[in-house]
Amino acid sequence: MKGPLFYSKILLFGEYGIIKDSKGLSIPYNFYKGALKSDGNSSDEALKSNSSLKRFAQHLQSLDNSLVSFDFESMNRDLENGMYFDSSIPQGYGVGSSGALVAAIYDKYAHEKITVLENLTREKLVQLKAIFGAMESFFHGKSSGLDPLNSYLSIPILINSQDNIEATGIPSQSVDGKGAVFLIDSGIVGETAPMVNIFMENLKDVGFRKMLKNEFVKYTDACVENFLGGDLKSLFSNTKKLSKVVLNNFKPMIPEQFHGIWQKGLDSGDYYLKLCGSGGGGYILGFTEDLDKAKDSLKDYKLEVVYQF
């Protein structure tokens, strides 16, 4: 059995903000991918994945049948035959490793599944997001369902608010463009749940809530609009403001050794950094108007280019 491939994703804008109804923009990132396999592989990784999938299958059995139901007979038979998820997507890096797995399981075993080929109305997207949120909660405690949705559809998704999402087009890439979005590997695995817990704790503070609404959400929304509209001048201006707000208010989510280079980008204007996913490790997302300058400024780090303007 060789399952269809499901790709990683990058939430360009909206991390944490989408919990409080900011806009968000999520794009597929085809560099990493995963697929369900049953090929008799008995490596430690395959066995570990198989045992994790068995626990995941128990979680799926506890879900509300009116939301989604699965062919558990086939699923359990495949699991007994050693099925595992073969994935190059790094875990704890904010690029949707559990999202791709959830998408693969839904695609293979869900009854009456909504397919990519049908007319994807907003209602269907919201329904899929709810199904994926319930499925993925096994991994994170609370999930928006966006990562699996992106992985399943493999198209950019614009989040207007919690229950208003739509498939969108993004400006086409310019392969020789100077501007770029890139990833830096922090070298640390991030844990989503503890970071989300810190954020939820912070929300109890009036000042934090005010900052979130008046600054974080405002700049996030502006960045999404600038990016989709191809207004690069405003995009970099708003990304700089967003980067500064994150450094000042989301310090626990930024690995300590990156506080300095985060500030260096703000001071020099060579690049601006932001969280990729929940933070705490994994990847850090960078935006630059001049990729050569950013590479020079960050020469101690390997930059992975995601998108060029």
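For the structure itself, look to the data block above.
In this report, we go over the structure that sits alongside the text. A quick note: this is a predicted structure, and the numbers were derived from the prediction, not measured.

**Quick look at helix H2 (residues 72–80)**
No. 1: Of the residues making up H2, those classed as buried are Phe72, Ser74, Met75, Asp78 and Leu79. Down the axis of H2, the buried set is contained in an arc of 160°. They therefore lie on one face. Turned more than 90 degrees off the buried face of H2, the exposed positions are Glu73 and Glu80.
No. 2: Elements that come into contact with the buried residues of H2 comprise helix H1 (44–61) and helix H3 (97–109).
No. 3: At the C-terminal side of H2, glycine 82 shows a positive phi close to 90°.

**Quick notes on the nonpolar core**
No. 1: If you look at the biggest cluster of nonpolar residues, it comprises 95 residues, and the most contacted ones within it are Leu12, Ile105, Tyr106, Met135 and Phe250.
No. 2: Those residues in contact with methionine 135 that sit more than four places away from it in its chain are Phe56, His59, Leu60, Leu63, Phe70, Val102, Ile105 and Tyr106.

**Structural notes on the pairing of strand S5 (residues 164–167)**
No. 1: When strand S4 (residues 157–161) meets S5, the two strands line up antiparallel, connected through four bridges. Directly across from serine 161, in S5, lies its bridge partner asparagine 164.
No. 2: From the end of S4 to the start of S5, which pair antiparallel, there are two residues.

**Thoughts on the side chain of glutamine 308**
No. 1: For glutamine 308, the location among the structural elements is in strand S9 (residues 303–308).
No. 2: Look at glutamine 308 and you get buried, because its relative accessible area is 17%.
No. 3: At 3.0 Å, the side chain of glutamine 308 and the backbone oxygen of glycine 177 are in polar contact.
No. 4: The residues touching glutamine 308, leaving out its near neighbours within four places in the chain, are Gln173, Ser174, Val175, Gly177, Gly179, Ala180 and Leu291.

Rules behind the numbers
- Residues numbered from 1 in each chain as written.
- Predicted model: local features only at pLDDT ≥ 70, side-chain atom pairs only at ≥ 80, totals over all residues.
- Heavy atoms only, no water.
- Buried < 20%, exposed > 50% of the residue type's maximum accessible area, 1.4 Å probe, protein only.
- Helix = DSSP H or I, 4+ residues; strand = E, 2+ residues; numbered from the N terminus.
- Arc of directions from axis to C-beta.
- Contact = heavy atoms within 4.5 Å.
- Core = buried A, V, L, I, M, F, W, Y, C linked by side-chain atoms within 4.5 Å.
- Pairing = 2+ DSSP bridges.
- Polar contact = N/O pair within 3.5 Å; in protein donor to acceptor, adjacent residues only side chain to side chain.

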